[in-house]
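Descriptive structure summary
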Amino acid sequence: MATKIYLFDSVQKEKVVFTPQIDGKVTIYVCGPTVYDDAHLGHARSAIVFDLLHRVLKQNNYEVTMVKNFTDVDDKIINRSKQSGDSIESITSFYIDSYKKDMDSLNILPNSIEPKATQNIDAMVQMIEKLLKEDKAYILKDGIYLDTSKDDSYGDISHRASDENSQARVESNQDKKDQKDFALWKFFPKSEIGFDVTFGYGRPGWHIECSAMIDKHLADHSLPYAIDIHGGGADLLFPHHENEACQTRCCTSQELAKYWLHNGFVNINGQKMSKSLGNSFFLKDALQNYNGEVIRFYMLTTHYRSDFSFSEDDLISSKKRLDKLYRVKKIVYGLGSGKVNKELEKNLFEALNDDMNTSKALAALDEYISKVNDQLTKEPKNKNLKKEIVATFEFISDILGIGGQDCFEYFQFGISKDTKDKIEQLILDRAEAKKAKDFDLSDKIRDELTNMGVSLMDSPNGTLWEKN
């Protein structure tokens, strides 16, 4: 589509027209998880937000390079290793696999690159060596620190460098030249987990990995900015993103990102989700009870910059909205595709190109579902209408990441394999009874299935079923 895309830039604090550095191409880096535990709803929210951005840009005909990192060396991971007796590698591999599985359940598009911190130590070392050489970093007993006084633009990202949440509260060391200075590398004894590099054995600081991996995997130094878009949760704006931008400026004289996007927090029972509060609702727990697409749809109901208040009642209401789409999809099951409904296509692009206004987009979708339901009631044999619906649902799946599942499998969610096998066998038995004209047995089997909460639909493709 030729319409402009507007995004809210966290630095400029306003919606601006999105213009990538290279026409038709977009580079995005999103801060990924520290892999020492299962993914929680905060991870899900961030993933869905930036997946939607990925999809919207693709549907606007941009070639998107999407990068999300895995932090696989960190104090939390090391503590988990000490507590469990498992190796760092086994812990991080397990939780990376778990995270990817959860993301698949949410219908997150594959990332172009997924760099791991431990596989990019070389890039971090090169950056730190350059900063030391140019006297923009200095060595103390416990590590190497960036000298923020060498960066006149420090604070421009978050506008918070000197407030009560200053760097001093995050990294306290009285020997630092300035309490805003932050660690690039922390020294450790060789009895601890670490890396033996030119300037001393230890581990990277919190911020250096993202700057280094952007520089290694994405940056074009001939451009004003290393990447087009940097994203993450609102909690990362300061100090993490502020310090990333500082490192990159000091090392390459290049601004890190042209646009900065941040998603709001997830609140549970009115409190910001936090491990320390003990209210981290693990995504895997939600996925046991709800289809991942239901969770995705639910999280799209709140604008990405707003805080998201999780409520199971609201989740159930969202499921009912999504169910309506899949009930229409059942009516057009097995038909070929026609042309996308132009009105809905226009409405979705207008909403999503306006800083991903999902509330407006989903309202347009609800209206479309209601409209075609009425049309199908009036014109149940209108094949052109049905083919248009098939094409439109394909477009909805591409741009919103919902509605792409098999409609009968969607309604079978949460049923165990044993129960599914039993249902399938009863359906086969019923078919055999009907073939033998034993209608009493056929009706008896159908009644048994009904008592199990199963609805049947006889179609040219065989008998299809769903759980009520």
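Residues numbered from 1 in each chain as written. Predicted model: local features only at pLDDT ≥ 70, side-chain atom pairs only at ≥ 80, totals over all residues. Heavy atoms only, no water.

**Things to note about the packing of aromatic side chains**
Under the criterion given, the structure shown has 13 aromatic pairs. Ring plane angle 90° and centroid distance 5.7 Å describe the contact between F70 and Y99, whose orientation is recorded as edge-to-face. In this pair, F70 is assigned in the loop between β4 (63-68) and α2 (75-84) and Y99 in helix α3 (residues 88-105), connecting sequence segments 29 residues apart. When its relative accessible area of 2% is taken as the criterion, F70 is described as buried. Taken together, a centroid distance of 6.1 Å and an interplanar angle of 20° make the contact between Y138 and Y145 stacked. What makes Y138 buried here is its relative accessible area of 8%. Through a chain of ring-to-ring contacts, the aromatic side chains of F281, Y298, F308 and F310 assemble into a single cluster. If you follow R203 out to its NZ or CZ, it ends over the ring of F188, 3.7 Å from the centre. (Phe/Tyr/Trp six-rings, centres within 6.5 Å; stacked < 30°, edge-to-face > 60°. Helix = DSSP H or I, 4+ residues; strand = E, 2+ residues; numbered from the N terminus. Buried < 20%, exposed > 50% of the residue type's maximum accessible area, 1.4 Å probe, protein only. Lys NZ or Arg CZ within 6 Å of the ring centre and 35° of its normal.)

**Notes on the sheet that holds strand β6 (residues 143-146)**
Paired through backbone hydrogen bonds, the strands of a sheet run either parallel or antiparallel to each other. Spatially, the four strands line up as an open sheet ordered β5-β6-β7-β8, and their pairing is antiparallel. Bordering the open sheet on either side are β5 (137-140) and β8 (202-204), each of which pairs with just one other strand. Shown here is a sheet whose adjacent strand axes are inclined to one another by a mean of 25°, direction ignored. Where β6 meets strand β7 (residues 182-187), four bridges bridge the pair, whose relative direction is antiparallel. The residue bridging G143 from the neighbouring strand is K186, located in β7. Against the sheet, helix α7 (residues 237-252) engages β6 and β7, with an angle of about 85° to β7. (Pairing = 2+ DSSP bridges. Axes fitted to C-alpha atoms, helices over the stretch in contact; angles between N-to-C directions. Contact = heavy atoms within 4.5 Å.)

**Some points on a negative patch on the surface**
On the surface, D438, D440, D443 and D447 cluster together into a negatively charged patch. Structurally, the position occupied by D440 is in helix α16 (residues 439-451). Residue classification places D440 among the exposed residues on the basis of a relative accessible area of 67%. (Patch = residues over 30% accessible without salt bridge, like charges linked within 9 Å, V, L, I, M, F, W, Y side chains within 5 Å. Areas by Shrake-Rupley, 256 points an atom, 1.4 Å probe, with all protein chains shown as cover. Salt bridge = Lys/Arg side-chain N within 4 Å of Asp/Glu carboxyl O. Lys, Arg positive; Asp, Glu negative; His and termini not counted. Charge placed at Lys NZ, Arg CZ, Asp CG, Glu CD.)

**A closer look at the nonpolar core**
Judged by nonpolar contacts, the single largest core of 86 residues is most densely connected at L57, I229 and L400. A total of ten residues in this core trace back to one element, the largest contributor, which is helix α1 (residues 41-59). One finds A161, W185, F199 and C250 within the second-largest nonpolar core, a separate group that totals 25 residues. (Core = buried A, V, L, I, M, F, W, Y, C linked by side-chain atoms within 4.5 Å.)

**A short note on the pattern of salt bridges**
Two side chains of opposite charge can pair, provided their charged atoms sit close to one another. Counted by the stated rule, this structure contains 27 salt bridges. Of the charged contacts, one joins R55 and D51 as a salt bridge, the two residues approaching to 2.8 Å between their closest N and O atoms. Of this pair, R55 and D51 both sit in helix α1, four residues apart, which is roughly one turn of the helix. Between K177 and D147 there is a salt bridge, with its nearest N and O atoms 3.9 Å apart. Linking K177 in the loop between α5 (167-170) and β7 with D147 in the loop between β6 and α5, this pair joins segments that are 30 residues apart in sequence. Residue classification places D147 among the buried positions, given a relative accessible area of 5%. Overlapping salt bridges, with partners in common, bring together D135, D147, K150 and K177 in one network.

**Concerning helix α11 (residues 342-352)**
All of the buried residues along α11 are L344, E345, L348, F349, A351 and L352. Seen along its axis, α11 keeps its buried residues to an arc of 165°; they face one direction. In this structure, the buried side of α11 is in contact with α1, α12 (358-378) and α13 (383-400). Among the residues of α11, the N-terminal cap falls to N341, whose side-chain oxygen and the backbone nitrogen of E343 are separated by 3.2 Å. (Arc of directions from axis to C-beta. Polar contact = N/O pair within 3.5 Å; in protein donor to acceptor, adjacent residues only side chain to side chain.)

**Thoughts on the packing of helix α6 (residues 208-217) against α7**
Relative to each other, α6 and α7 sit at 50°, their axes nearing to 8 Å. With respect to α7, the element α6 is oriented oblique. The chirality of how α6 crosses α7 is right-handed. Across the interface between the two elements, I208, C210, S211, I214 and D215 from α6 touch H240, E244, Q247, T248 and T252 from α7. The residue inventory of the contact of α6 with α7, partitioned by class, reads three nonpolar, five polar and two charged. (Parallel < 35°, antiparallel > 145°, perpendicular 65-115°, else oblique. Left-handed = near helix turned anticlockwise from the far one by under 90°. Nonpolar A, V, L, I, M, F, W, Y, C, P; charged D, E, K, R; others polar.)

Everything listed here is a matter of coordinates, which is why it stays silent on function.
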